[in-house]
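What the coordinates show
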Amino acid sequence: MRSTPVLTVRKVGAKGLGVFALTEVPKGSGVIRYYGKSRWIWDIPRWEWDHLFQVEYDRYVSPRAGSYGWSINHSCGPNCGVRGERELVAIRAISKGEELTFDYSTNVGWDGFQMVCACGAPDCRGVITSYGKLDDRWKVRYEGLVSPFLLKPPRNPRPTLF
Ligand SMILES: [Zn+2]
């Protein structure tokens, strides 16, 4: 636990909640960690689904409601990326007051996933998809910043909803 909070959760208009830096965050800093037991999607209440962090093709962690992990928004031009199975890291220096974001596609393994994006990044994709549906340009951009399970073939060959 840090003694001085570095992040805070605030309302951000139509997007609901967002995570903001209270101080400058140096590039490379671990900023958010997803704790807790991983579960199968159907063992997780539906109202939590928009906030899950995926750790395997069939396993998700649900952050505590209102926590940093619960509240962080997507951007197609993010300042955070995935490191290891359960951590988000600052991929550039983040200024005091800036909103923290990561690209949800670097954590989504279900190819049925689709979410409209209006993040405002200059090269916003317009639709957030699974990692598998990103074109190579984006995969190169996020090399080393993707959930590790996404780089392996699915463990379970039968079709699943998640
Ligand atoms: Zn976008």
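Data block above holds the structure.
Now for a description of the structure that goes with this document. As the structure is a prediction and not an experimental result, all values here were calculated from the model. (Residues numbered from 1 in each chain as written. Predicted model: local features only at pLDDT ≥ 70, side-chain atom pairs only at ≥ 80, totals over all residues.)

**Side note on the sheet that holds strand β8 (residues 87-90)**
The test is simple: Strand pairing follows a simple DSSP-based rule, namely that at least 2 bridges must link the two strands. Comment: elements are numbered from the N terminus, with helices defined as DSSP H or I runs of at least four residues and strands as E runs of at least two. Helix axes use the C-alpha atoms of the stretch in contact, all axes being lines fitted to C-alpha atoms, and the angles between their N-to-C directions lie in the range 0 to 180 degrees.
The strand order β3-β8-β7 describes an open sheet built from three strands, whose pairing is antiparallel. Both outer strands of the open sheet, β3 (30-33) and β7 (80-83), are each paired with one neighbouring strand and no more. The sheet shows a mean angle of 30° between the axes of neighbouring strands, taken without regard to direction. For β3 and β8, the ladder comprises three bridges, and the chain directions are antiparallel. Bridge pairing in β8 places Ile32 opposite Leu88.

**Remarks on the environment of Tyr131**
Here is the rule: Around each residue's C-beta, the other C-beta atoms within 10 Å are counted; 20 or more make the residue buried, 12 or fewer make it exposed, and counts in between make it partly exposed. All C-beta atoms are placed from the backbone. Whether two residues are in contact is decided by their C-beta atoms, placed from the backbone, lying within 7 Å.
Note on placement: Tyr131 falls in the loop between β11 (127-128) and α2 (136-141). Using a count of 24 C-beta atoms within 10 Å as the deciding quantity, one classes Tyr131 as buried. Those residues in contact with Tyr131 that sit more than four places away from it in its chain are Ser105, Thr106, Val108, Gly109, Val146 and Leu150.

**Notes on the nonpolar core**
The criterion, for reference: By convention the nonpolar core is taken to be a set of buried residues drawn from Ala, Val, Leu, Ile, Met, Phe, Trp, Tyr and Cys and joined through C-beta atoms within 7 Å.
By size, the foremost hydrophobic cluster in this structure holds 14 residues, and its most contacted members are Val31, Ile72, Cys80, Leu88 and Leu100. Broken down by secondary-structure element, the contributors of at least two residues to this core are β2 (17-21), β3, β7, β8 and β9 (99-102). Sequence-distant contacts of Val31, defined by excluding residues within four places in its chain, comprise Leu7, Val25, Cys80, Leu88, Val89, Ala90 and Leu100. Tyr104, Ile128, Tyr131 and Leu150 belong to the second largest nonpolar core, which has six residues in total.

**Some thoughts on the sheet that holds strand β6 (residues 73-74)**
Strand order in the open sheet formed by four strands is β1-β2-β9-β6, and the pairing between neighbours is mixed. Edge positions in the sheet fall to β1 (7-11) and β6, since each has one partner strand and no second. When β6 meets β9, the two strands line up parallel, connected through two bridges. Considered in β9, the bridge of Asn73 is made with Thr101.

**Here's the deal with the pairing of β8**
Residues Leu88 and Ala90 line the buried face of β8, whereas the alternating positions Glu87 and Val89 sit on a face that is not buried. Two strands pair when backbone bridges link them, and β7 and β8 are joined in this way by four bridges, in the antiparallel orientation. Along β8, the bridge assignment pairs Cys80 with Ala90. Two successive antiparallel strands, β7 and β8, enclose a turn made up of three residues, where Gly84 displays a positive phi of approximately 65°.

**Description of the environment of Val61**
The topology assignment puts Val61 in strand β5 (residues 59-61). With 20 residues separating them in the primary sequence, Val61 and Ile41 have C-alpha atoms 9.3 Å apart. Ignoring anything within four residues of it in the chain, the contact list for Val61 reads Tyr34, Gly36, Ser38, Leu52, Phe53, Val55 and Arg86.

**Topic: the pairing of β2**
If a strand is regular, its side chains alternate between the two faces of the sheet. As paired elements, β1 and β2 share five bridges and run antiparallel to each other. Bridge pairing links Lys11 to Leu17 in β2. The pairing of β2 with β9 spans two bridges and is classified as antiparallel. Looking at β9, one finds that Phe20 is bridged to Glu99.

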